Amino acid sequence: MSVDLRSAEIHGTAAVEAVPVVGESLDTRTLSRSLFLRLAELPPGCPESLYVRDTLIELNLPLVRYAAARFRSRNEPMEDIVQVGTIGLIKAIDRFDPERGVEFPTFAMPTVVGEIKRFFRDTSWSVRVPRRLQELRLALTRAGDELAQKLDRSPTVAELAQCLGVSEEEVVEGLAVGNAYTASSLDSTPTEEDGDGPLAERLGYEDVALEGVEYRESLKPLLARLPARERRIIMLRFFANMTQSQIGEEIGISQMHVSRLLTRTLAQLREGLTSEE
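Residues numbered from 1 in each chain as written. Predicted model: local features only at pLDDT ≥ 70, side-chain atom pairs only at ≥ 80, totals over all residues. Heavy atoms only, no water.

1. Remarks on the side chain of threonine 86
Alright, step 1. Checked against the element boundaries, threonine 86 lands in helix H4 (residues 78-95).
Alright, step 2. On the accessibility criterion, threonine 86 (15% relative accessible area) is buried.
Alright, step 3. Filtering out sequence-adjacent residues up to four positions away, threonine 86 remains in contact with Ile57, Leu61 and Val64. (Helix = DSSP H or I, 4+ residues; strand = E, 2+ residues; numbered from the N terminus. Buried < 20%, exposed > 50% of the residue type's maximum accessible area, 1.4 Å probe, protein only. Contact = heavy atoms within 4.5 Å.)

Laid out in structure tokens, this is it:
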């Protein structure tokens, strides 16, 4: 690779003078080390510093592609993974200290891979859940596998809570979060256990009380205008499901009297509904 930083121009100004011409014999690590040393000498934000920084990014992009290749089996486009990994590379470049004696690829790889893993962790869930619960679910998965091998059975909620040092309520919450990781399509083909028809046809049920909503709302002002005794009889009969005899005992009148009051009151309500329509 041949790089001549002196021949470039930075926003119309002179290029970097302090970095020598690099010939084919100079490898990427040696060049990166020279650029990092030069970057440490420059004031942040100056044109020359930005140019050296951009050169380091381009020079180490193969490191990002190498890290991204580990996630090739995921459903995300490789271009997106590389782009996310490049963000990690830029963070590593900004944090790297060449005086520590650590090679830049060794320092940068955990940051690049961590940025990619964070991307999958935040975007692969079907329902967005707090990061605390995402991390708790991962910890529960690891703890569950370890305890299952040790106990030769599935661990209980109490055992998981004791292993992780959390409450049993948090364990239950973390286990329930797993249902938000993947979602089924409403048009998915059903299995034998699910029954017939797509998922959209098997969700929900017909609410038989839905048709009565309009009538109940229309009756509210009419019921409010009834005398207190008649209104109580209506409430006991149709909302408390009491018989006429039970209503008579509750109010202190005969069953026949209750029947007459119900007949008269229902006629008034029916007439009120008809007149409003």
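Having seen the structure, we can now continue with the description.
2. A look at a nonpolar patch on the surface
Alright, step 1. Taken together, the side chains of Met235, Phe238 and Phe239 present a nonpolar region at the surface, about 310 Å² in accessible area.
Alright, step 2. Take methionine 235: it is sitting in helix H11 (residues 228-238).
Alright, step 3. Given the relative accessible area of 37%, methionine 235 is considered partly exposed. (Patch = residues over 30% accessible without salt bridge, like charges linked within 9 Å, V, L, I, M, F, W, Y side chains within 5 Å. Areas by Shrake-Rupley, 256 points an atom, 1.4 Å probe, with all protein chains shown as cover. Salt bridge = Lys/Arg side-chain N within 4 Å of Asp/Glu carboxyl O.)

3. Considerations on the UniProt feature "domain: RNA polymerase sigma-70" (unreviewed entry) in the chain
Alright, step 1. Under the UniProt annotation, the feature "domain: RNA polymerase sigma-70" (unreviewed entry) is placed at residues 80-93.
Alright, step 2. Summarising residues 80-93: 100% helix, 0% strand, and an end-to-end C-alpha distance of 20 Å. (UniProt positions renumbered as here; feature names shortened; annotations may be inferred.)

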